[in-house]
Amino acid sequence: MHSSAPATLPTATYRERLSPSLWVLVSAAVCGPMVALVLAPLDTVIGLVAGIVVGALVVAGLLALSPVVEVSDGWLRVGRARIEVRYLGAVETFLGEDARQARGPGLSSSSWHLLRGGIDGVARVEVVDPHDPVSHWVFSTRTPARVAAVIELARRDGAASAATDVAPPEA
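Quick notes on the rules
Residues numbered from 1 in each chain as written. Predicted model: local features only at pLDDT ≥ 70, side-chain atom pairs only at ≥ 80, totals over all residues. Heavy atoms only, no water. Helix = DSSP H or I, 4+ residues; strand = E, 2+ residues; numbered from the N terminus. Buried < 20%, exposed > 50% of the residue type's maximum accessible area, 1.4 Å probe, protein only. Contact = heavy atoms within 4.5 Å. Areas by Shrake-Rupley, 256 points an atom, 1.4 Å probe, with all protein chains shown as cover. Salt bridge = Lys/Arg side-chain N within 4 Å of Asp/Glu carboxyl O. Core = buried A, V, L, I, M, F, W, Y, C linked by side-chain atoms within 4.5 Å.

## What to know about the overall build of the protein chain
Each helix and strand counted, the protein chain has five helices and eight strands in total. Taking all 171 residues of the protein chain together, 29% fall into the buried category. Restricting to contacts in the protein chain with at least 6 residues of sequence separation, those with at least 24 account for 65%. For the protein chain, the accessible surface area stands at approximately 10,900 Å², while carbon and sulfur atoms represent 63% of it.

As structure tokens, this is what we get:
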């Protein structure tokens with residue numbers, strides 16, 4: 001049996017957590033032994049348990065509070081900020097020395113940015129909303145080419161769905 005329901009187009013989605021590097025997590029885990037050493041003169045068992053708990057909580061906190069880059073449902077979300085993909089223009093991607101330039105000397109004062117150390121890739125997305133004072137979004141990503149491709153696909157999906165949402169003129 002065939003359905004008469006219109007076929008839905010696949011939507012572009014992407015999700016990446018900008019978690020800290022392994023070295024940052026290992027460094028944070030050192031908080032546990034420090035707490036254990038401080039509490040050991042009082043009671044070694046309490047010190048050991050508190051050290052394990054503190055080390056686990058610090059690492060878990062760093063992972064849980066890491067910002068997320070996401071493209072879904074017609075929105076680009078980076079950390080707590082979000083913008084509709086219809087307000088996005090050209091997407092540029094950078095790696096290596098170009099990424100260092102984009103994160104530092106090439107960073108515009110009118111751009112919004114979320115940059116993380118230890119993540120080499122950078123995406124710079126133009127904002128085409130005339131009412132938005134921000135000219136670009138600049139953010140870290142481990143896979144800048146994938147982010148750019150998904151944003152472009154989401155923009156095309158949004159344009160296609162906007163064109164089909166327009167009612168034909170009545171005769």
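## Details of the pattern of salt bridges
For the structure shown, the criterion picks out six salt bridges. Between Arg100 and Glu97 there is a salt bridge, and its shortest N-O distance comes to 2.8 Å. One end of the pair, Arg100, and the other, Glu97, are both in helix 4 (residues 96-103), three residues apart, so they sit about a helical turn from each other. Here Arg100 falls in the partly exposed class, since its relative accessible area comes to 41%.

## Notes on the nonpolar core
Soluble globular proteins tend to pack their nonpolar side chains together in the buried interior. The biggest cluster of nonpolar side chains holds 22 residues, and the ones touching the most others in it are Val71, Leu76, Val78, Leu88, Trp137, Phe139 and Ile151. Mapped onto this core, the elements with two or more residues apiece are strand 2 (68-72), strand 3 (75-78), strand 5 (88-94), strand 7 (122-127), strand 8 (136-140) and helix 5 (144-165). In terms of residue count, helix 5 provides more of this core than any other element does, five residues in total. Those residues in contact with Val78, other than ones at most four positions away along the chain, are Val68, Val69, Trp112, Leu114, Trp137 and Phe139.

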